[in-house]
Amino acid sequence: MFRSFILAAAIALAGACHGTMAIRDLCDVQGARDNTLTGVGIVVGLRGTGDSAEAAVTAQRNLLDRMGVEIQDIDALSSKNVAICTVTATLPPFAKEGTAIDVTVQSIYDAKSLEGGQLLDTFLRGPAGDTVYAVASGPVSVGGFNTDISAGSSVRNNHGTVGRIPRGALVEHEVPASITDGERITLLVRRPSFEAADGIRQAIDRAYGPGTADALSGGAVKVRIPADERADLIKFIADLNKLRVDIAQKAVVVINERTGTIVVGGDVMIKPCQVAHGSLTVKIQSTRLPVPALPFTDADPIVVENADVEVEEPEVYLAPVQGTSAAEVAQALNALRLTPRDMIAIFDAIHKAGALEAALEIR
């Protein structure tokens, strides 16, 4: 029942993508893009869960030198409360000086946890590495914990060596962006296809007149800005983004083998075929049996392992599977009462047999 609900819900979501969509959900304006910022910083204030690498001690000495604290003996420094981390952030387009953005902090070396740590001022640079676009600092939130218990065991919740600092960086330098030459803008299709580009062109021409848009390829549409719209470019782009486009996504089945997730597109069809799927189950159970020692001796009893092996191979029958819609495909496969792993194997086999009328993407 639960597996059926998951597959049906995934299919309903996938099927909802078929129909009309706004241009803002299909395209980005060329020039209005995010930029990735990176840096290397020091997280302090850890409770004995920091790095043991020599580089952490060296980083502490360099930090103290910059702050005017002279260190005579480097061996006196301890890195157990310090961790060297990479700091990353996404700088949105048109972000002005003083804008606060989120940052992610990841341990580089062997720190056990960043819980309770504080990131010191870290310069964030772009790919060229010359300009400092933002400065990050603040308390690190890991959303989990690591707890050591006696006898060498521990309890962990979530990933303690990666954390976030909401609004933890302030923009210091604006990235220059140009989205138009004064007469044209270019829309970049997020999922390039000739059908999508042509549908976007038709929607724009219907709204602003024939010849307003040209599909340069499956991934780009150039739009001429009408003369009466050039005085307020922002309003024109906002109105452009609201236009609806008749779009039909390609039939596709997406499979994630790591998580056992299956998403079936709304246009997926399976030709009539027969499917049989069974699994061999081997159970091995070990029992410890004490064997008494020889009588009239001081020898200790001997403990031996007694292994019981049981093999189960369920009966399997051919079942008809076919469907002219995603709902019928789900109903046919759910009738077989399969696990997600079994469904992945069956979709792969149906695709290789040529009965799956859709693209199969395994990730």
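Parameters and conventions
Residues numbered from 1 in each chain as written. Predicted model: local features only at pLDDT ≥ 70, side-chain atom pairs only at ≥ 80, totals over all residues. Heavy atoms only, no water. Pairing = 2+ DSSP bridges. Helix = DSSP H or I, 4+ residues; strand = E, 2+ residues; numbered from the N terminus. Axes fitted to C-alpha atoms, helices over the stretch in contact; angles between N-to-C directions. Contact = heavy atoms within 4.5 Å. Salt bridge = Lys/Arg side-chain N within 4 Å of Asp/Glu carboxyl O. Buried < 20%, exposed > 50% of the residue type's maximum accessible area, 1.4 Å probe, protein only. Polar contact = N/O pair within 3.5 Å; in protein donor to acceptor, adjacent residues only side chain to side chain.

Chemist: Give a description of the sheet that holds strand β15 (residues 252-256) that names residues and reports values.
Modeler: Within the open sheet, the three strands sit side by side as β16-β15-β22. Their pairing is mixed. Either end of the sheet is taken by a strand with one partner, and the two such strands are β16 (261-264) and β22 (359-362). The mean angle between the axes of side-by-side strands here comes to 10°, regardless of whether they run parallel or antiparallel. In this structure, β15 lies alongside β22, joined through four bridges in parallel fashion. Residue pairing for β22: Ile 255 is matched across the bridge by Ile 362. The sheet strands contacting helix α6 (residues 340-352) are β15, β16 and β22, and the helix crosses β16 at an angle near 50°.

Chemist: Got a sec to walk through the pairing of β15? Specific residues and values, please.
Modeler: One ladder, built from four bridges, connects β15 with β16; its direction is antiparallel. Its bridge partner being in β16, Ile 255 is matched across the sheet by Ile 262. Taking the residues between adjacent antiparallel strands as the criterion, β15 and β16 are bridged by four residues, where Gly 260 takes a positive phi near 75°.

Chemist: Residues and numbers for the pattern of salt bridges, please.
Modeler: Two side chains bearing opposite charge may form a pair once their charged atoms approach each other closely. Tallying each qualifying case throughout the model produces ten salt bridges. For Asp 102, the salt bridge identified is with Arg 164, shortest N-O distance 3.1 Å. Here Asp 102, found in strand β5 (residues 100-107), pairs with Arg 164, found in strand β10 (residues 162-171); they are 62 residues apart in sequence, far enough to count as distant. Residue classification places Asp 102 among the partly exposed positions, given a relative accessible area of 37%. Residue Arg 164 is classed as partly exposed on the basis of its relative accessible area of 40%. Among the ionic contacts, a cluster of salt bridges with common partners joins Asp 181, Glu 183 and Arg 184.

Chemist: Quick one: what's the story with unusual backbone geometry, residue by residue and with numbers?
Modeler: Even without glycine at this site, Phe 94 takes up a positive phi of about 65°. Checked against the element boundaries, Phe 94 lands in the loop between β4 (82-91) and β5. One non-glycine residue, Arg 167, adopts positive backbone phi at about 50°. Mapping Arg 167 onto the fold places it in strand β10. Using a relative accessible area of 61% as the deciding quantity, one classes Arg 167 as exposed.

Chemist: Hey, could you go over the side chain of Ser 113 for me, with residue numbers and the actual values?
Modeler: Along the chain, the position of Ser 113 falls in the loop between β5 and β6 (118-125). Judged by its relative accessible area of 3%, Ser 113 is buried. At a separation of 3.1 Å, a polar atom in the side chain of Ser 113 contacts the main-chain amide nitrogen of Glu 115.

Chemist: I'd like to hear about the pairing of β10, residue by residue, with values.
Modeler: On a regular strand, one side chain projects to one face of the sheet and the next to the other, so that they alternate. As defined by bridge partners, β5 adjoins β10 across six bridges and the pair is classed as antiparallel. Residue Thr 104 lies in a different strand from β10, and its bridge partner there is Arg 164. For strand β7 (residues 132-139) and β10, the ladder comprises three bridges, and the chain directions are antiparallel. Residue pairing for β10: Ala 136 is matched across the bridge by Ala 169.

Chemist: Give me the sheet that holds β4: which residues, what numbers.
Modeler: The strand order β3-β4-β5-β10-β7-β6 describes a closed barrel built from six strands, whose pairing is antiparallel. Put simply, the sheet's adjacent strands are angled 30° from each other on average, direction ignored. The pairing of β6 with β7 spans six bridges and is antiparallel. Note that in β7 the partner of Arg 125 across the bridge is Val 132. Seen against the sheet, helix α2 (residues 54-66) touches β3 (35-44), β4 and β6 and runs at an angle of roughly 75° to β4.

Chemist: I'd like to hear about the environment of Val 44, residue by residue, with values.
Modeler: Within the secondary structure, Val 44 is located in strand β3. The spacing of Val 44 and Ile 84 is 40 residues in sequence and 9.0 Å in space, taken between C-alpha atoms. Beyond its immediate sequence surroundings of up to four residues, Val 44 is in contact with Asn 81, Val 82, Gly 117, Gln 118 and Leu 120.

Purely geometric numbers; function is a separate question.
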